[in-house]
Amino acid sequence: MVTVRSFEAGDLDRCVKIVRTTMDAQDGRACRRELSGILEGTKGGRCWVAEEDGTVIGLVGIMRDDEVDDIVWLGYFAVDPAHHRRGLGKQLFELAVEAARDGNNRRLYVDTSSTAPFTAARAFYKAMGLSHDATLPDFYGKGEDQLFFCLPLRD
Ligand SMILES: CC(C)(COP(=O)(O)OP(=O)(O)OC[C@H]1O[C@@H](n2cnc3c(N)ncnc32)[C@H](O)[C@@H]1OP(=O)(O)O)[C@@H](O)C(=O)NCCC(=O)NCCS
């Protein structure tokens, strides 16, 4: 059975591994930095994990925007590839959205890439009702755009 719970210190290495495997080493390092900041209390944000038979198989987090009070960003979002298309991403995402709404936030944003490894993420965000609001062409390098998706939470 899959259970979803708050991220704890003992989950750090496993979470970084899932992010490194599904994205790349740089994303893995960024994830370690951000999640360590949450554990140390130096970074505002929350993270949850999905666990099955004692193994963490997915994670999601929300981070407060640095400048705008009622905006949150989705981050550290990944599911172990062996468990894709089981509805885990949706379960984690809905939990993050619920927490963002409870915090009276106005919008949730997520940024992703236009490249092939993020095809599933783009399809997922569209399936969850997010709108593709902006593109930074060639942001990550030639032919690699940064895409911003948005979910309005209230007016
Ligand atoms: C994005 C991700 C977290 C989705 O996790 P998941 O558990 O496989 O997603 P779900 O099973 O909850 O999918 C929900 C819906 O999203 C859409 N979707 C998900 N993956 C898709 C894919 N590969 N192609 C098309 N649609 C997809 C479908 O509509 C799906 O519903 P369905 O299975 O009933 O058709 C997962 O693909 C992943 O870890 N990707 C790599 C890491 C990543 O890119 N993270 C985001 C960084 S911005």
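Before going into details, it helps to say that this report is about the structure given with it. (Residues numbered from 1 in each chain as written. Predicted model: local features only at pLDDT ≥ 70, side-chain atom pairs only at ≥ 80, totals over all residues.)

### Observations regarding the overall build of the protein chain
Of the regular secondary structure elements, the protein chain holds four helices and seven strands. The helix and strand sequence of the protein chain, counted from the amino end, reads β-α-α-β-β-β-α-β-α-β-β. Relative to the 2.2 N^0.38 estimate, which gives 15 Å for 155 residues, the radius of gyration of the protein chain is 15 Å and therefore close to what a compact globule would have. Expressed as a percentage of the 155 residues in the protein chain, the buried residues total 27%. Across the protein chain, contacts joining residues at least 24 apart in sequence account for 54% of those joining residues at least 6 apart. (Helix = DSSP H or I, 4+ residues; strand = E, 2+ residues; numbered from the N terminus. Rg over C-alpha atoms; globule rule 2.2 N^0.38 Å. Buried ≥ 20, exposed ≤ 12 C-beta atoms within 10 Å, placed from the backbone. Contact = placed C-beta atoms within 7 Å.)

### Describing the packing of helix α1 (residues 12-22) against helix α2 (residues 25-40)
The axes of two packed helices give the description: the angle between them and the distance between them. Axis separation between α1 and α2 bottoms out at 8 Å; the angle between their running directions is 150 degrees. The orientation of α1 relative to α2 falls into the category roughly antiparallel. Handedness of the α1/α2 crossing: right-handed. From α1, L12, C15, V16, V19 and R20 reach across to α2, where they touch A25, D27, G28, C31, R32 and L35. Its residues assigned to classes, the contact of α1 with α2 shows seven nonpolar, one polar and three charged. (Axes fitted to C-alpha atoms, helices over the stretch in contact; angles between N-to-C directions. Parallel < 35°, antiparallel > 145°, perpendicular 65-115°, else oblique. Left-handed = near helix turned anticlockwise from the far one by under 90°. Nonpolar A, V, L, I, M, F, W, Y, C, P; charged D, E, K, R; others polar.)

### Things to note about the site of the ligand
Of all residues adjacent to the ligand, which total 20 residues, the nearest are G89, K90, A120, A123 and A127. Counting only elements with at least two residues in the shell around the ligand, the list comes to β4 (71-79), α3 (88-102), β5 (107-113) and α4 (119-127). For the shell around the ligand, the per-class residue count stands at 12 nonpolar, five polar and three charged. (Near = placed C-beta within 6 Å.)

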